[in-house]
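Per-entry structural report
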Amino acid sequence: MLGSGSIKRKASELGFDLCGIAPAGHFPELEFLDEWLARGYAGDMEYLSRTAARRADVREVVPGARSVIVTGTVYNAGESPSGPPADTAIIARYAWGDDYHDVLKDRLDALLRWMRAESSDAFDARAYVDTGPVQERVYAQYAGLGWIGKNTCLINPELGSWLFLAEIICTLPLEPDAQGLEMCGSCRLCLDACPTGALVEPGVLDSNKCLSYLTIELRSAIPDAQRPLLGTHVYGCDICQEVCPYNQPSAVSDDPAWQPRAGLDLPRLVDLWRRPDDELRALIRRSAMTRAKLTGLRRNLAVAIGNSGDPAARAALTERRDDQPSAADPMVAEHVAWAQSR
């Protein structure tokens, strides 16, 4: 018989580390989105405003929804060295391996197919991996997977926060789990460690200041005042998770999908910059790093090289090569000029 227990067991078989059930109801945490958007904290991510009404209630996504099955998957493939060399490109851990959207969507679809085969009743459902109009951290908290920490990440008391979340919204009346309880206490390590002050208050992120937003979601020039604060981050940032006590020590996954790709395992900035566009494009193909686009990655590399103080890397910025057309993009060229002036 299909029930919450059997769904969780099947989720574990498919490779999910956590699975819980939340009721598809209204929760007070869902209401903050409108205020967050009104404060301008979404930056240029206009799609969040366009879908705000649907994000306020999953029953707007799946009419008649009664349950949200939320899964968590550890993606941390190992510890980053403390204080990597200044000429190293820092890449967020979630992007070291294969694109989690593709990997987890296959697993989630397999879970949903199994549910349909096992259920004696027909039901409606939608599966999402960080792609749908769903405030998934709120539902993860109410599914008992953990709580939303001061760094805005979902934190599990045993596994920490290096977690991919995914969900199935369905019309089945499944037995829900108990809500996860907040366990950050008086700790504010993440707020104090953020180099840009993006965590403006516990649990509230101003995307305009966040290194992940600046290096991934922002399609235009990085503001001059923010560029020195990027350090050598070229894609995303893990600082607020690395300092979290619940990631000490970190849960580690041996899943091949999340292991660092050759060329993305602590690469040197100059080595990434000197790659021809075709090579760089092939390196990040079918990884989460395609989100930044090639020009975005070049832009980030230029800023990081400017911050690195590496003479060899700065010299590489002056090379004019026919196999690097993205480097000639006007936006990239402006960031190259900034890096050379450092």
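Source: prediction; values computed, not measured.

1. Here's the deal with the packing of aromatic side chains
Overall, the coordinates contain nine aromatic pairs when judged by the stated rule. Ring geometry for Phe27 and Tyr142: centres 3.8 Å apart, planes at 15°, overall stacked. Here Phe27, found in the loop between strand E1 (18-23) and helix H2 (32-38), pairs with Tyr142, found in helix H6 (residues 136-142); they are 115 residues apart in sequence, far enough to count as distant. We classify Phe27 as buried; its relative accessible area is 7%. Assessed through its relative accessible area of 12%, Tyr142 is described here as buried. Considering the side-chain rings of Tyr75 and Trp162, the 6.0 Å spacing of their centres and the 85° angle between planes classify their relative orientation as edge-to-face. Of this pair, Tyr75 sits in the loop between strand E2 (67-74) and strand E3 (90-91) while Trp162 sits in the loop between strand E6 (154-155) and strand E7 (163-170); the two residues are 87 residues apart in sequence, bridging distant segments of the chain. You'll find Tyr75 and Trp162 in the same group, each marked buried. Through a chain of ring-to-ring contacts, three or more aromatic side chains come together here, namely Tyr75, Tyr94, Tyr100, Trp162, Phe164, Tyr235 and Trp258.

2. Re the nonpolar core
In terms of nonpolar packing, the biggest core is built from 85 residues, with Ile7, Ile69, Tyr94, Met115, Ile168, Tyr235 and Trp273 touching the most fellow members. At eight residues, the largest contribution of residues to this core is made by helix H5 (residues 100-118). Beyond its immediate chain neighbours, meaning those up to four positions away, Met115 contacts Leu2, Ile7, Ile69, Phe123, Ile168 and Leu172. Counting residues in each nonpolar core, the second largest holds 25 residues, with Ala22, Val62, Val70 and Leu154 among its members.

3. Side note on the side chain of Ser119
Locating Ser119 in the fold gives a position in the loop between H5 and strand E4 (125-128). Here Asp121 takes part through its backbone oxygen, which lies 2.7 Å from a polar atom of the side chain of Ser119. The contact partners of Ser119, leaving out residues within four places of it in the chain, are Leu2 and Leu172.

The rules behind the values
- Residues numbered from 1 in each chain as written.
- Predicted model: local features only at pLDDT ≥ 70, side-chain atom pairs only at ≥ 80, totals over all residues.
- Heavy atoms only, no water.
- Phe/Tyr/Trp six-rings, centres within 6.5 Å; stacked < 30°, edge-to-face > 60°.
- Helix = DSSP H or I, 4+ residues; strand = E, 2+ residues; numbered from the N terminus.
- Buried < 20%, exposed > 50% of the residue type's maximum accessible area, 1.4 Å probe, protein only.
- Core = buried A, V, L, I, M, F, W, Y, C linked by side-chain atoms within 4.5 Å.
- Contact = heavy atoms within 4.5 Å.
- Polar contact = N/O pair within 3.5 Å; in protein donor to acceptor, adjacent residues only side chain to side chain.

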